[in-house]
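# Tertiary structure, described
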Amino acid sequence: MENIDWSEIGQATLDTLAMLGGSMVLTVLLGLPLGVILFLTGKGQMLENRLANGALSLLVNVLRSVPFVILLIVMIPLTVALVGTSLGVAGAIPPLVAGAAPFFARLVETALREVDKGVIEASFAMGAKRRQVVLGALLPEALPGLIAAATVTAIALVSYTAMAGVVGAGGLGDLAIRFGYQRFQTDVMIVTVVLMLVLVQVLQMIGDTVVRKVSHK
């Protein structure tokens, strides 16, 4: 462990957490409504619209199909226009969101499909309007699935933040590339990998705990 600079490891961990937190918030804010719209405009749903659903599905599929490393590079001009830089934590967040939001949207759509149609029909039968059905019945019923989807997305974002190190985004991935790979410092590589594994385990445990609590209500 002679090559380990714990202060640098600590800063890289904070950078990774900052990237994860910032991108996750924006991913949920963008991906949740996108997933809801995908569901509502689908075949047999209350806002069925083949054109809108097809266009959104195409957009989501295109963004999901682009490898994240390629997305990082392709989005550099847009990232600079949005946040003024393509480096560091700020420069990593736009491509992280672009990569994760479509992924999360599909998981949201899947979670909503799991809701019993009888719940929606009962809400309409009681005189509820579409907005009330979505906010008061559909989303609450799908909450365990939505939390599970957020957990899966957060874990995927951890791996994305590591790949963001390729373009100098900072964080544990950047440390692993610059020191562990380029300078052959195996001890640095081991520490960064272990920290990322711990982070993934913590996220999974938190997600599972929240899902169990919500499911038992």
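It should be emphasised that the depicted structure is a prediction, and the values quoted were computed from it without experimental measurement. (Residues numbered from 1 in each chain as written. Predicted model: local features only at pLDDT ≥ 70, side-chain atom pairs only at ≥ 80, totals over all residues. Heavy atoms only, no water.)

### Digging into the overall build of the chain
A tally of regular secondary structure across the chain gives 10 helices and zero strands. Mapped from its N terminus to its C terminus, the chain presents α and β elements in the order α-α-α-α-α-α-α-α-α-α. Among the 217 residues that make up the chain, the fraction classed as buried is 42%. Within the structure as shown, the chain displays about 11700 Å² of accessible surface, and the carbon and sulfur contribution to it stands at 67%. Taken together, the 14 basic and 13 acidic charged side chains of the chain have centroids lying 13 Å from each other. (Helix = DSSP H or I, 4+ residues; strand = E, 2+ residues; numbered from the N terminus. Buried < 20%, exposed > 50% of the residue type's maximum accessible area, 1.4 Å probe, protein only. Areas by Shrake-Rupley, 256 points an atom, 1.4 Å probe, with all protein chains shown as cover. Lys, Arg positive; Asp, Glu negative; His and termini not counted. Charge placed at Lys NZ, Arg CZ, Asp CG, Glu CD.)

### Thoughts on the pattern of salt bridges
Enumeration over the complete set of coordinates arrives at two salt bridges. A salt bridge links R106 to E109; the shortest N-O distance between them is 2.7 Å. Residue R106 and its partner E109 are both found in helix α5 (residues 88-113); the two are separated by three residues, about one turn of the helix. Residues R106 and E109 agree in their burial class; the two are buried. Exposure remark for E109: the relative accessible area of 4% places this residue in the buried category. What emerges from the salt-bridge pattern is a single network uniting R106, E109 and R113. (Salt bridge = Lys/Arg side-chain N within 4 Å of Asp/Glu carboxyl O.)

### Quick look at the packing of helix α4 (residues 76-83) against α5
It is the contact of α4 with α5, at a shortest axis distance of 9 Å, that shows an interaxial angle of 120°. By the angle class used here, α4 and α5 are oblique. Judged by the sense of rotation from one axis to the other, the crossing of α4 with α5 is right-handed. Mapping the contact onto sequence places T79, L82 and V83 in α4 and A90, G91, P94 and P95 in α5. (Axes fitted to C-alpha atoms, helices over the stretch in contact; angles between N-to-C directions. Parallel < 35°, antiparallel > 145°, perpendicular 65-115°, else oblique. Left-handed = near helix turned anticlockwise from the far one by under 90°. Contact = heavy atoms within 4.5 Å.)

### A look at the nonpolar core
Grouped together as the largest cluster of nonpolar side chains are 28 residues, with contacts concentrated most on L96 and L157. Taken together, the elements giving at least two residues each to this core come down to α1 (6-40), α3 (68-74), α5, α8 (143-164), α9 (171-181) and α10 (186-215). The residues contacting L96, other than those within four sequence positions of it, are M19, S23, F68, L157, Y160 and T161. Formed by 17 residues, the second largest nonpolar core is a distinct cluster that contains F104, V134, L139 and L146. (Core = buried A, V, L, I, M, F, W, Y, C linked by side-chain atoms within 4.5 Å.)

### Overview of the packing of helix α2 (residues 50-65) against α5
How two helices sit against one another is set out by the angle between their axes and by the gap between those axes. At a minimum axis separation of 9 Å, α2 and α5 run at an interaxial angle of 125°. Taken together, α2 and α5 sit at an angle that is classed as oblique. Two packed elements cross with a definite hand, and for α2 against α5 that hand is left-handed. Contacts from S57, V60, N61, L63 and R64 in α2 reach A98, P102, F103 and R106 in α5. Tallied by class, the residues present in the contact of α2 with α5 amount to five nonpolar, two polar and two charged. (Nonpolar A, V, L, I, M, F, W, Y, C, P; charged D, E, K, R; others polar.)

### Remarks on the environment of L96
Structurally, L96 can be placed in helix α5. With a relative accessible area of 0%, L96 lands in the buried category. Distance from L96 to L157, taken between C-alpha atoms, is 7.1 Å for residues 61 residues apart in sequence.

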